[in-house]
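# Report on the structure
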Amino acid sequence: MPLSTEMRLIDPSRLPAHIGIIMDGNGRWARRKGQLRTQGHLEGLKVAKKIVKAAADLGIGYLTLYVFSTENWKRAAEEVGFIMGLVKQHLKAELAFYRENRIRIRHAGDPGGLPPDIARDIQEACEDTRTFEGLQVILALNYGGRDEILRAVRRLLSHGEVPALTEDLIRQHLDNPDIPDPDLIIRTAGEHRISNFLLWEGAYAEYYISDTLWPDWTEADLAAAIAAYQQRERRFGGIS
Ligand code: IPE
Ligand code: IPE
Ligand code: MG
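## Focus: the site of ligand 1
Around ligand 1 sit 13 residues in total, of which D24, G27, R28, R37 and R75 are the nearest. In this structure, N26 approaches ligand 1 through a main-chain N or O atom, which is 3.1 Å from an oxygen atom. One of the side-chain nitrogen or oxygen atoms of R28 is found 2.7 Å away from an oxygen atom of ligand 1. Relative to its unbound accessible area of 370 Å², ligand 1 is 86% covered by the protein chains. At the level of elements, α2 (26-32), α3 (37-58) and α4 (77-93) are the ones that each hand at least two residues to the shell around ligand 1. Per-element accounting of the shell around ligand 1 gives the leading share, 3 residues, to α2. Of the residues that constitute the shell around ligand 1, the class distribution is 3 nonpolar, 5 polar and 5 charged.

Set out below in structure tokens:
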């Protein structure tokens, strides 16, 4: 891939280890084109694959993609069904892509609330790619930050005798306790809100809003977000 101007702005020695993306704007993209919302999701999926590849090529460790929230069930059944169908189809069709690029697939969210076949397909994709040591792509599907914390506390309580609660103990019961907190959380399509994404893990993430709708996103947008992140001063409550 030829290095874009934006790519050259990135310092490869200071990459964010973990990037989260709220991939928003599929519906608006479709409406502007006079197409159905589902067409926006179809385009959005193509862009997701492109950005996954770019993140892998850059050497990013973890990429969490917000695919479907615990609140997205409020949408019309046709739209929800279409998105679930896309996920299913993608996991089947793209296993070779993940294998070739040594990309490991993971899941964040409640598998219990998913259609059983989708939950099984995700579990299989996670199993099939478990040993890959390249980029880890975490699919946040039926994911809500509050729900994740609630399920963590429930898991904790299910042990019977509960030891003294600590932050670390709660963290250990989250969906993917081994994955480092996101350094950079990107939201596309201009909305300035978190919409229940990585509430616990994102406590000290750097946030980056892109006005570009997700289906219009390119590798150059990812590079620009990383370059902006590298300009930030992270203090974690301390004094620089
Ligand atoms: C993001 O795009 C995809 C999902 C939330 C599943 P939207 O479908 O939310 O697009 P807008 O926000 O309506 O434009
Ligand atoms: C957030 O986008 C969820 C995903 C991108 C999967 P939404 O479109 O659901 O968020 P709101 O409704 O604008 O807050
Ligand atoms: Mg939206």
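From this point, things continue past the structure.
## Regarding α3
Taking 1.5 Å of rise per residue, 22 residues should cover 32 Å, and α3 covers 31 Å from first to last C-alpha, within 8% of that figure. Of all the residues in α3, the buried ones are G40, H41, E43, G44, V47, A48, I51, V52, A54 and A55. Immediately downstream of α3, the backbone of G59 shows phi near 95°, a positive value.

## A look at the site of ligand 2
Contacts to ligand 2 come from I22, M23, D24, Y66, V67, F68, N72, R75, R187, R193 and S195. Between ligand 2 and the protein, one listed contact pairs an oxygen atom with a side-chain N or O atom of N72 at 2.9 Å. R75 places a side-chain nitrogen or oxygen 3.2 Å from an oxygen atom of ligand 2. Its free accessible area being 390 Å², ligand 2 has 78% of it covered by the protein chains.

About the criteria used
Residues numbered from 1 in each chain as written. Chains lettered and ligands numbered in written order. Predicted model: local features only at pLDDT ≥ 70, side-chain atom pairs only at ≥ 80, totals over all residues. Heavy atoms only, no water. Near = heavy atom within 4 Å. Polar contact = N/O pair within 3.5 Å; in protein donor to acceptor, adjacent residues only side chain to side chain. Areas by Shrake-Rupley, 256 points an atom, 1.4 Å probe, with all protein chains shown as cover. Helix = DSSP H or I, 4+ residues; strand = E, 2+ residues; numbered from the N terminus. Nonpolar A, V, L, I, M, F, W, Y, C, P; charged D, E, K, R; others polar. Expected span 1.5 Å × (residues − 1). Buried < 20%, exposed > 50% of the residue type's maximum accessible area, 1.4 Å probe, protein only.

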